[in-house]
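# Examining the three-dimensional arrangement
Residue strings, one per chain:
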Amino acid sequence: MKALLISDKEFQTKTYQNLKSLLEIFLNTQGLEIKILEVGTDDLAFCMGCFGCWIKKPGECVINDKMAQINRNVMTSDVVIYLNPIIFGQFSANIKNVIDRYLPNMLPFFEIRPDGSTMHPPRYDTYPKSVIIGYGSIISEDDKQLFIDITKKHRRNIEVIIYDETPETIIEALTKMELGRVDNLL
């Protein structure tokens, strides 16, 4: 099985380094092949909202940058773990850009969720399990909750973990998860 770690290379803090090392050790003990992609502002353009990924090149972004490689790696992985610095309860700009540019992996239609909000239906039969781990040196309880709420509102197939620099928290949460592909969930 393959695990993909996606991180923001502009937030290479000591907390991030500890978290990344912890994850590498854990995933290796689970027998997963690990690939790490670090993204920065120079790697990705922002989504233009042109819908070329649905009309001109279905399933592939028309912008020629690192996102084509990221999307291929995501879709050929069994689990994707985003390492995200929490900034005022939100994603970092680079991780948010990666998540926004995931659009080619969805269909250009809308479904209404049970809560009345809309979302795009999946393009593929299976997707990698998605985990986002928020970290930071000092994160308020309000920022933690905002990060969890926003993340879960936009993705059904995602587990949210807050790394409080306690390795046991991450290991326990990951051990409880099935780290493999999931059917038809974004």
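Refer to the preceding data block for the structure.
Residues numbered from 1 in each chain as written. Predicted model: local features only at pLDDT ≥ 70, side-chain atom pairs only at ≥ 80, totals over all residues. Heavy atoms only, no water.

### Remarks on the layout of surface pockets
The cut-off we apply is this: A pocket, in this scheme, is an open set of points on a 1 Å grid over the protein atoms alone with protein on both sides within 12 Å along at least 5 of 7 lines, while a cavity is a set where a 1.4 Å probe fits but cannot get out; residues line either one if an atom lies within 4 Å of a point. Grid points are joined across faces, edges and corners, and a volume is the space filled by probe spheres set on the points. Strands are runs of DSSP state E lasting at least two residues, helices are runs of H or I lasting at least four, and both sets are numbered from the N terminus onward. In this count, Pro and Cys sit with the nonpolar residues alongside Ala, Val, Leu, Ile, Met, Phe, Trp and Tyr, while Asp, Glu, Lys and Arg are called charged and the others, Gly among them, polar.
Space inside the largest pocket adds up to approximately 490 Å³. Breaking the lining of the largest pocket down by element, the ones donating at least two residues are α3 (93-100), β5 (118-119) and α4 (141-154). Residue composition of the lining of the largest pocket, by class: 12 nonpolar, five polar and four charged.

### Some thoughts on the state of the cysteines
Applied cut-off: Only a pair of cysteine sulfur atoms within 2.5 Å counts as a disulfide in this structure description.
Applying the stated criterion to the full structure yields zero disulfides. Between cysteine 50, a free cysteine, and cysteine 53, which holds the nearest cysteine sulfur, the sulfur-to-sulfur gap is 6.6 Å. We note that cysteine 53 lacks a disulfide partner, and the nearest cysteine sulfur, in cysteine 61, lies 6.2 Å from it.

### Considering the nonpolar core
Soluble globular proteins tend to bury their nonpolar side chains together. Going by this rule: Working definition of a nonpolar core: buried Ala, Val, Leu, Ile, Met, Phe, Trp, Tyr and Cys residues. They are joined through side-chain atoms within 4.5 Å. Whether a residue is buried, partly exposed or exposed follows from its accessible area with a 1.4 Å probe, protein chains only, as a fraction of its type maximum: under 20%, in between, or over 50%, in that order. Here a residue-residue contact requires only that any non-hydrogen atoms of the pair lie within 4.5 Å.
Formed by 29 residues in total, the largest nonpolar core has its most connected members in Ile6, Ile70, Val74, Tyr82, Val98 and Ile132. It is helix α2 (residues 67-75) that contributes the most residues to this core, four residues altogether. Apart from the residues lying within four places of it in its own chain, the contact partners of valine 74 are Leu4, Ile6, Val80, Tyr102, Pro128 and Arg181. Membership of the second largest hydrophobic core comes to 21 residues, among which are Leu5, Leu27, Leu32 and Leu174.

### A few points about the pattern of salt bridges
Spelled out, the test is: By definition here, a salt bridge exists when the distance from a side-chain nitrogen of Lys or Arg to a carboxyl oxygen of Asp or Glu is within 4 Å.
Per the counting criterion, the structure on display carries nine salt bridges. With a closest N to O distance of 3.1 Å, lysine 9 and aspartate 43 form a salt bridge. With a gap of 34 residues between them, lysine 9 in the loop between β1 (2-8) and α1 (14-29) and aspartate 43 in the loop between β2 (33-39) and α2 connect regions that are remote in the sequence. Residue lysine 9 is classed as partly exposed on the basis of its relative accessible area of 37%. Aspartate 43 gets classed as buried once you look at its relative accessible area, which sits at 17%.

### Focus: the pairing of strand β7 (residues 129-135)
How we decide: Note: two strands are recorded as paired if DSSP finds a minimum of 2 bridges between them. By convention a crossover is right-handed if, when the strands point away from the viewer, the path from the first strand over the helix to the second runs clockwise.
By the criterion of burial, β7 is predominantly enclosed, with seven of the seven residues buried. Side chains of β7 alternate between two faces, with Lys129, Val131, Ile133 and Tyr135 and Ser130, Ile132 and Gly134 buried alike. Where strand β3 (residues 79-85) meets β7, seven bridges bridge the pair, whose relative direction is parallel. From the neighbouring strand, valine 79 faces β7, where its bridge partner is lysine 129. The pairing of β7 with strand β8 (residues 158-163) spans six bridges and is parallel. Bridging across to β8, serine 130 finds its partner in isoleucine 158. Once you follow β7 into α4 and on to β8, the crossover reads as right-handed.

### A short note on the sheet that holds β2
Cut-off, in case you're wondering: In this description, a line fitted to the C-alpha atoms serves as the axis of each element, helices being fitted only across the stretch in contact, and the angle between N-to-C directions of two axes falls anywhere from 0 to 180 degrees.
The parallel open sheet is built from five strands, whose spatial order is β2-β1-β3-β7-β8. With partners counted over all chains shown, the strands left at the sheet margins are β2 and β8, one partner each. Here the strands of the sheet are splayed against their neighbours by 20° on average, with no regard to which way each runs. Along the sheet face, α1 touches β1, β2, β3, β7 and β8 and points at about 160° away from the line of β2. Its contacts with the sheet place helix α5 (residues 167-176) against β7 and β8, and it is angled at close to 165° to β8.

### Brief notes about the side chain of aspartate 78
The line we're drawing: Positive: Lys, Arg. Negative: Asp, Glu. His and the chain ends are not part of the count. Here a polar contact means two N or O atoms within 3.5 Å. Within protein one must be a hydrogen donor candidate and the other an acceptor candidate, and residues neighboring in sequence count only if both atoms are side-chain atoms.
Counting through the fold element by element, aspartate 78 comes out in the loop between α2 and β3. Of the side chains with opposite charge, arginine 181 comes closest to the buried, unpaired aspartate 78, at an N-O distance of 5.0 Å. At 2.7 Å, the side chain of aspartate 78 and the backbone nitrogen of lysine 2 are in polar contact. Not counting chain neighbours up to four residues away, the residues in contact with aspartate 78 comprise Met1, Lys2, Pro128, Lys129, Gly180 and Arg181.

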